[in-house]
Amino acid sequence: MTKSLYAGFDLGGTELKYGLINSSGQLVFTSQAPTPPSIESLLSLIQEIWGELEQEYPRQIKSVGFGFAGFFSLKQKRIIKSPNYPTLNNFPLFPALKKILPVPFAFHNDANLAAYGEYLYGSGQKAQSLVLLTVGTGLGSGLILEGELWQGQDGFAGELGHITVNPEGLHCNCGNLGCLETEVSAPALVRNYLTFSGKDEDLTARDVYLMAKAGDKAASKSFERCGYFLGIALGIIINLLNPEKIILGGGVMKSGNWLLRPAVTEAKRRSISVSFTTCEIKKASLGNKAGLIGAAAWAKHQLKNLKRT
Ligand SMILES: [Zn+2]
């Protein structure tokens, strides 16, 4: 008997990750390609990948899920705005993908699907409520409430990266000032370091991490400042939702306690203690595969509803 498989695609600003999971959520195949610069080249790449997968696993792939960066409208079935990948802006994705794919498919915001992946198969397993925050180039987030992905009335829920944590802060791509994303992300960490050290160098967040480990005071202060603002956001989340778990992922979380410790200290200071003590704050476990696993699982979960019309 042939096994059923479910494809997932996670489209970021620099790369397209994709893979297949089986019915237990285990990855049976993964790969990646550079993110194509235009919508036409993106669609032809998806078509090409689908052809290869179908050849390798004939008639086994039952559905395809896509996680796209940006504000995804449930009603319009398209990304209304993608600050980090503007070629998606308002493009009618549903009819375009329907032409390419002979199986049911679904898509959503990438961070929402990463939360769904961690909930089903990662650090969030068995939690009825969780919030995922991914700290990387930007700050993505997704919510699971009472065992379901919380989408909001039109799919835009879970944009915690754009809540204000610093009212007098810098401009964000979304148009607001002092968003969580402008204060807690890889570019924010580097910006903090350049401010505290007075240096003018081309650095990465990893460089700042290595300097902090080596005892550089400006580097550790940079993490403390990011952690301070992250903690403010965690306090808001805890007081608002009383969640079972908050899961932190993304490239900057590879720094571990350098960011986590000041964030948890601040969260404790700013939240109701009974809610704080029952909330488990922990690292994500699916790494950069959370998005594609979540995308595949999301489409699989909706398979009965994904009728082709
Ligand atoms: Zn913003």
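Counting of residues starts from 1 at the beginning of each chain's written sequence and follows it residue by residue. In keeping with the model being predicted, local features are shown solely for residues with a pLDDT of at least 70 and side-chain atom pairs are shown and tallied solely at 80 or more, while totals for entire chains, interfaces and linings include all residues.

A. Expanded view of the sheet that holds strand E7 (residues 105-109). By the convention used here, strands pair only if DSSP detects at least 2 bridges between them. Runs of H or I in DSSP of at least four residues are treated as helices and runs of E of at least two as strands, each being numbered from the N terminus. If you trace the five strands from one edge of the open sheet to the other, you get E3-E2-E1-E4-E7, paired in mixed fashion. Every interior strand has two partners, whereas the edge strands, strand E3 (27-34) and E7, have only one. If you compare each strand with its neighbour and ignore which way they point, the axes differ by 15° on average. Where strand E2 (residues 15-22) and E3 come together, seven bridges link them in antiparallel fashion. Its bridge partner lying in E3, Leu-16 is registered against Ala-33. Contact criterion: two residues are in contact if their C-beta atoms, reconstructed from the backbone, are within 7 Å. Axis definition: a line fit to C-alpha positions, over the contact stretch in the case of helices; interaxial angles, taken between N-to-C directions, run 0 to 180 degrees. Along the sheet face, helix H1 (residues 39-56) touches strand E1 (5-11), E2, E3 and strand E4 (61-68) and points at about 30° away from the line of E2. Helix-sheet contacts for helix H10 (residues 290-301) involve E1, E2, E3, E4 and E7, and the interaxial angle to E1 is about 130°.

B. Structural view of the sheet that holds strand E12 (residues 280-283). What the five strands build is an open sheet, ordered E10-E9-E8-E11-E12; its pairing is mixed. Of all the strands in the sheet, just strand E10 (148-149) and E12 have a single pairing partner and so form its edges. In the sheet, strand E9 (residues 139-145) pairs with E10 via two bridges, with the strands oriented antiparallel. Following the sheet pairing, Ile-144 is matched in E10 by Leu-149.

C. Inspection of helix H6 (residues 205-213) at higher detail. Taken together, the buried positions of H6 are Ala-205, Val-208, Tyr-209 and Ala-212. Buried residues in H6, looked at end-on, bunch into an arc of 100°, giving them a common side. Looking one or two residues past H6, Gly-215 carries a phi angle of roughly 100°, positive in sign. Here a residue counts as buried when 20 or more other C-beta atoms sit within 10 Å of its C-beta, as exposed when there are 12 or fewer, and as partly exposed otherwise, the C-beta atoms being derived from the backbone. Here the arc refers to the directions that run from the helix axis out to each C-beta atom.

D. Summary view of the packing of helix H5 (residues 186-197) against helix H7 (residues 217-241). For the pair H5 and H7, interaxial distance at closest approach is 8 Å and the crossing angle is 130°. Our classification of the angle between H5 and H7 gives oblique. When the axes of H5 and H7 are compared, the crossing they make is right-handed. Of the residues in H7, those touching H5 at Ala-188, Leu-189, Asn-192, Tyr-193, Phe-196 and Ser-197 are Ala-218, Ala-219, Lys-221, Ser-222, Phe-223, Arg-225 and Cys-226. For classification purposes, angles smaller than 35 degrees are called roughly parallel, those larger than 145 roughly antiparallel, those between 65 and 115 roughly perpendicular, and all remaining angles oblique. Rotating anticlockwise by less than a right angle from the far helix to the near helix defines a left-handed crossing, while the corresponding clockwise rotation defines a right-handed one.

E. Local environment of the packing of helix H3 (residues 110-121) against H10. Interhelical geometry of H3 versus H10 gives an angle of 80° and a closest axis separation of 7 Å. The orientation of H3 with respect to H10, classified from their angle, is roughly perpendicular. Between H3, through Asp-110, Leu-113, Ala-114, Ala-115, Tyr-116, Gly-117, Glu-118, Leu-120 and Tyr-121, and H10, the contact on the second element is made entirely by Ala-290, Gly-291, Ile-293, Gly-294, Ala-295, Ala-297 and Trp-298. Here the term charged refers only to Asp, Glu, Lys and Arg, the term nonpolar to Ala, Val, Leu, Ile, Met, Phe, Trp, Tyr, Cys and Pro, and the term polar to all other amino acids, Gly among them. Along the lines of polarity and charge, the residues of the contact of H3 with H10 split into eleven nonpolar, three polar and two charged.

F. Spotlight on the domain arrangement of the chain. Either an automatic procedure or a domain database provided the assignment from which the domain bounds are taken. The assigned domain composition of the chain is domain 1 (5-114 + 289-301) and domain 2 (125-285). Look at where the C-alpha atoms of domain 1 and domain 2 centre, and you get two points 26 Å apart. Domain 1 puts 14 residues into the contact, and the matching count from domain 2 is 17 residues. Partitioned by chemical class, the residues of the side of domain 1 that touches domain 2 number seven nonpolar, five polar and two charged.

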